[in-house]
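Structure at a glance
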Amino acid sequence: MTSNRRAHTPTSARRRVASPTLAMLPRVGDSLSFLYADIVRIVQDDTGVCAETTSDDGDVTRVYLPTASLSCVLLGPGTSITQPALATFARHGTTVVCTGSGGVRCYSGTVPTSLTTRWLEHQVHQWSDPDRRLAVARQMYLSRFQITVPAATTLEQLRGMEGQRMKALYKLLAQQHRIGRFRRAYDPDSWDTQDPVNLALSSASTCLYGIVHSALVALGCSPALGFVHQGTQSAFVYDIADLYKAELTVPLAFSLHDSPNSDAAARRSFREQLRLFKLLPRIVADVQTLLAPDEAEPLADGHAVEMVNLWDPTTGSVPAGVNYATQETPDAP
């Protein structure tokens, strides 16, 4: 009598672990969803994916990564990754993003083909209609300042209201820190001649842009399709980052008004406080609320699709991989 069961070998076991099911895939907002690494070599061995460092004496230290519970890996300066390790991340639906130091500046991101397009579709739906796009912009203003604006408010009026509130915030913080009159200025060509607050604000904002960009890539959204900003590949990044500046980066910058190296201090302080801010889960929740405000419960984020579907204007979606030739078709003219 023979058994139809497949023999359990170490190789088959590794294959089963490397092929996650939908239930195994993580949420972007989970505590281990994002991992930042720099000055390491990421490789795949028989046990799993690990980060290696080599000492001057040639000793190799390995730290194994929880690939099944990572939605996004941020690779900072000094990192390298092998093709097998990259393939394992792809199988688990993990987005790999190349960033600057500490996650600042997002240079590129690899998005797994299994990543759902649901949030991108929501984004395009809201962005493609002027009325819906303006409604999202109003919701962003409400999220930033906790003030509801009338439905008839135009985008031009929103920009004016936003400018007045930020100007008032700058004035209030300048008075609290006794630094006199402050004016926001950003001039890359005269970076070293700017005052400490402007330097710190520019540096902290850059950190914030990198983190938001990484979160959007992990969700499968387009960083280029903004609702207030436009004309740049980071338009939506700037939109979402603006939600947190008045709370996070602006007060931090003014607190460093007497720092001799305020831009570097702003980067360090912002990175150290990221866990305290719990910013990544907030970004995910805020993006979901903006793009799908009518859903009672936001859709699961960072999950894969088991089957590609076909678009249908009536039913919304029909299964792919089906031969529809047997169905009735309208007579040709």
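The paragraphs below set out a description of the structure included in this document. These numbers come from a predicted model, not from an experiment.

1. Let's talk about helix 9 (residues 279–291)
Taking 1.5 Å of rise per residue, 13 residues should cover 18 Å, and helix 9 covers 18 Å from first to last C-alpha, within 8% of that figure. Inspection of helix 9 places Leu-279, Ile-283, Val-284, Val-287, Gln-288, Leu-290 and Leu-291 among the buried residues, and these make up the whole buried set. Projected onto a plane normal to the axis of helix 9, the buried residues spread over an arc of 170 degrees and lie on a single side.

2. Considerations on the pattern of salt bridges
For the structure shown, the criterion picks out five salt bridges. Taking the shortest distance from any N to any O, the salt bridge between Arg-62 and Glu-52 comes out at 2.9 Å. With Arg-62 in strand 4 (residues 60–64) and Glu-52 in strand 3 (residues 49–54), this pair connects stretches of sequence that are 10 residues apart. Since its relative accessible area comes to 46%, Arg-62 is described here as partly exposed. In this structure Glu-52 comes out as buried when scored by relative accessible area, which is 15%. Counted as one network, the salt bridges with shared partners bring together Arg-41, Glu-52 and Arg-62.

Conventions adopted
- Residues numbered from 1 in each chain as written.
- Predicted model: local features only at pLDDT ≥ 70, side-chain atom pairs only at ≥ 80, totals over all residues.
- Heavy atoms only, no water.
- Helix = DSSP H or I, 4+ residues; strand = E, 2+ residues; numbered from the N terminus.
- Expected span 1.5 Å × (residues − 1).
- Buried < 20%, exposed > 50% of the residue type's maximum accessible area, 1.4 Å probe, protein only.
- Arc of directions from axis to C-beta.
- Salt bridge = Lys/Arg side-chain N within 4 Å of Asp/Glu carboxyl O.

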